[in-house]
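For reference, the chains in residue letters:
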Amino acid sequence: SKSFRIVVLSGDGIGPEVVAEAVKVLKVLFPEGSDVELKLEEHIFGGCAIEKLGEPLPKSTLDACLTADAILMGSIGGPKWGVDAKVRPEPGLLALRKALGVYANIRPASFASDSLLSLSPLKEHVTKGVDIIVVRELIGGVYFGARQELGASEAEKDLAWDNMAYSVPEVQRITRVAAKIAMAANPPLPIHSVDKANVLATSRLWRKVVTDTLRDEFPAIALDHIFVDNASMQIVANPRKLNGVVLTENLFGDILSDEASVIPGSLGLLPSASLAGAPPSDVSSATFKPTSGLYEPIHGSAPDIAGQGIANPIGTILSAALLLRYSLGLEKQAALIETAVRKVLDAKSAGGLELRTRDLGGEVRTTEMGDAIAGVVRQML
Ligand code: NAD
Ligand code: IPM
Ligand code: MN
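The name given to the protein in an unreviewed UniProt entry is 3-isopropylmalate dehydrogenase, and the organism recorded there is Vararia minispora EC-137.

Encoded structure:
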């Protein structure tokens, strides 16, 4: 039997609500005494850690994360620790990603079940057949450059700045991750690299390195470049044009992935995996080598609905599936969760109602959605 240590960071706002449902599903998959043992270890992180210990990422939490087989996170942040607060949760998340070295953030943006097509604010003929995977560089760029707060010094009392930098190796390695994801499909998926090379020096470096790396190492992949302003329009007006892998830097990827969630219909649906390399492509084979990683929904702590029990837990449940696939090598169980989510989204209850949380126009509560998915998982075991 195998045993894995999973660090659970529920965090703030709806974080604990959605993580509880993912844990519920994992416990159905791996009940006590089963072949695979998941040792789930909750650690304090984010605003709640600021309250208790004065800092968002306490050393005990960081140490636990650095030695875990994988990390499942909810979300952090909230109005209590707003942008003007002295100590804020968000730098803790950036520090955690950096410490883990998880430079590759994979955000499959279209967990589309056709039964959701009518729920998207976009028209069905626009969203049908969209299949986009956003690959976002996660530990570089303007998020991590030098920065000067407003009034930080007498000389700069009316000035603030953020420095955006990328090195050639940083762009090479994220390009290779995108390429490996593209090559895992047959035929290989196209890569759409998104930048602002008509203005930014970092984007001109980005475009050159992406072009060179793919030409030299992955000539089978079709590559095009698109400016981020245009991409942000295409992704809602004509998203099929971006089918394949959307490869982009940290800030653009943050924005475009939230925007892409409009396609399936809710931010609450989308999962993510943050890895220190390419996702293993040999997940079903005997040579599979797991990689530790950080798994979280792409949404935040949703202060506007926190505590009401109405958040959509699907993004977190699907993040748990990615965790099983990439970090534990449990492809069968990962696929089982994804099938269960699809079945629940496609199901109609006895009364003919569909199971939908509030964000998708329904009345189903967070725990009920978790119960429904866990129930289908149990049936399929
Ligand atoms: P948000 O993602 O928390 O919420 C945006 C909107 O989407 C809100 O209307 C919210 O109700 C809705 N929403 C988000 N997740 C949902 C879900 N699972 N089910 C139903 N509706 C959902 O973005 P925000 O309000 O701009 O940010 C709130 C806080 O979260 C900020 O402090 C921000 O820094 C933080 N944040 C954290 C993470 C993270 O922990 N990884 C990610 C994004 C934002
Ligand atoms: C995300 C979030 C984070 C980011 C914030 C909370 C630092 O928006 O995970 O998408 O910008 O990366
Ligand atoms: Mn974001």
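Undergrad: Outline the overall build of the protein, listing residues and values.
TA: Check the secondary structure of the protein and you find 12 helices and 12 strands. Over its C-alpha atoms the protein spans a radius of gyration of 20 Å, differing by no more than 12% from the 21 Å that the globule rule assigns to 381 residues. Once the C-alpha set of the protein is aligned to its principal axes, its extents read approximately 65 × 50 × 45 Å. A burial count over the protein gives 48% of its 381 residues as buried. Residue pairs in contact within the protein that sit at least 24 positions apart in sequence constitute 77% of those at least 6 positions apart.

Undergrad: Mind laying out the sheet that holds strand β11 (residues 273-275), listing which residues take part and the relevant values?
TA: Either a parallel or an antiparallel arrangement is found when strands of a sheet pair, and the pairing is made through backbone hydrogen bonds. As summarised here, the arrangement of the 10 strands in space is β2-β1-β3-β12-β11-β4-β5-β10-β8-β9, forming an open sheet in which the pairing is mixed. The two strands at the open ends of the sheet, each matched to only one other strand, are β2 (36-42) and β9 (223-227). Here the strands of the sheet are splayed against their neighbours by 25° on average, with no regard to which way each runs. With two bridges joining them, strand β3 (residues 70-75) and strand β12 (residues 293-295) adopt parallel strand pairing. Bridging across to β12, I71 finds its partner in L294. Against the sheet, helix α7 (residues 201-217) makes contact with β8 (191-195), β9 and β10 (244-248), and its axis sits at roughly 165° relative to β8, the strand it touches most.

Undergrad: An account of the site of ligand 2 is needed here, citing residue identities and associated values.
TA: With respect to spatial proximity, the complete set of residues near ligand 2 consists of G77, E90, L93, L94, D254, I298 and G300. The element that contributes the greatest number of residues to the shell around ligand 2 is helix α4 (residues 90-100), accounting for three residues. Counted by class, the shell around ligand 2 contains three nonpolar, two polar and two charged residues.

Undergrad: Quick one: what's the story with the site of ligand 1, residue by residue and with numbers?
TA: For ligand 1, the set of nearby residues contains 22 residues, the closest of which are S75, G77, G268, H299 and G300. Its residues placed into classes, the shell around ligand 1 shows nine nonpolar, nine polar and four charged.

Undergrad: Describe the domain arrangement of the protein, and please don't skip the residues or the numbers.
TA: Domain boundaries in the protein define domain 1 (1-109 + 269-381) and domain 2 (121-132 + 159-263). Domain 1 and domain 2 are separated by 25 Å when their C-alpha centres are compared. If you look at the interface, domain 1 gives 12 residues, while domain 2 gives 14 residues. Taken together, the residues of the side of domain 1 that touches domain 2 break down into eight nonpolar, three polar and one charged.

Undergrad: Describe the nonpolar core, naming the residues involved and giving the relevant values.
TA: Grouped together as the largest cluster of nonpolar side chains are 107 residues, with contacts concentrated most on L72, V135, A320 and I373. When we break this core down by domain, the ones giving at least three residues each are domain 1 (1-109 + 269-381) and domain 2 (121-132 + 159-263). If sequence neighbours within four positions are ignored, A320 has contacts with A22, V25, L26, L72, Y295 and I337.

Undergrad: So, unusual backbone geometry: which residues are in play, and what are the values?
TA: Of note, the amide linkage connecting N186 to P187 takes the cis form, showing an omega dihedral of -5°. Locating P187 in the fold gives a position in the loop between α6 (168-183) and β8. At A302, a position not held by glycine, the phi torsion is positive, near 40°. Position of A302 relative to the elements: it lies in the loop between β12 and α10 (314-326).

Undergrad: Hey, could you go over helix α1 (residues 15-29) for me, with residue numbers and the actual values?
TA: Compared with an ideal rise of 1.5 Å per residue, which puts 15 residues at 21 Å, α1 spans 21 Å between its outermost C-alpha atoms and is within 8% of the ideal. Within α1, the full set of buried residues consists of G15, E17, V18, V19, E21, A22, V23, V25, L26 and L29. Those residues of α1 hidden inside the fold are in contact with β1 (2-11), β2, β3, α10, α11 (331-346) and α12 (366-380).

Undergrad: Explain the packing of α11 against α12 to me, and be specific about the residues and the numbers.
TA: What describes two packed helices is the angle between their axes and the distance between those same axes. Direction vectors running N to C along α11 and α12 enclose 120°, while the axes themselves pass 9 Å from each other. Relative to α12, α11 is oriented oblique. Along this stretch, α11 crosses α12, giving a crossing that reads as right-handed. Contact residues: α11 offers L336, I337, T339, A340, V341, K343 and V344, while α12 offers A372, I373, V376, V377 and M380. Among the residues making up the contact of α11 with α12, the classes are represented as 10 nonpolar, one polar and one charged.

About the cut-offs
- Residues numbered from 1 in each chain as written.
- Chains lettered and ligands numbered in written order.
- Predicted model: local features only at pLDDT ≥ 70, side-chain atom pairs only at ≥ 80, totals over all residues.
- Helix = DSSP H or I, 4+ residues; strand = E, 2+ residues; numbered from the N terminus.
- Rg over C-alpha atoms; globule rule 2.2 N^0.38 Å.
- Buried ≥ 20, exposed ≤ 12 C-beta atoms within 10 Å, placed from the backbone.
- Contact = placed C-beta atoms within 7 Å.
- Pairing = 2+ DSSP bridges.
- Axes fitted to C-alpha atoms, helices over the stretch in contact; angles between N-to-C directions.
- Near = placed C-beta within 6 Å.
- Nonpolar A, V, L, I, M, F, W, Y, C, P; charged D, E, K, R; others polar.
- Domains from an automatic or database assignment.
- Core = buried A, V, L, I, M, F, W, Y, C linked by C-beta atoms within 7 Å.
- Expected span 1.5 Å × (residues − 1).
- Parallel < 35°, antiparallel > 145°, perpendicular 65-115°, else oblique.
- Left-handed = near helix turned anticlockwise from the far one by under 90°.

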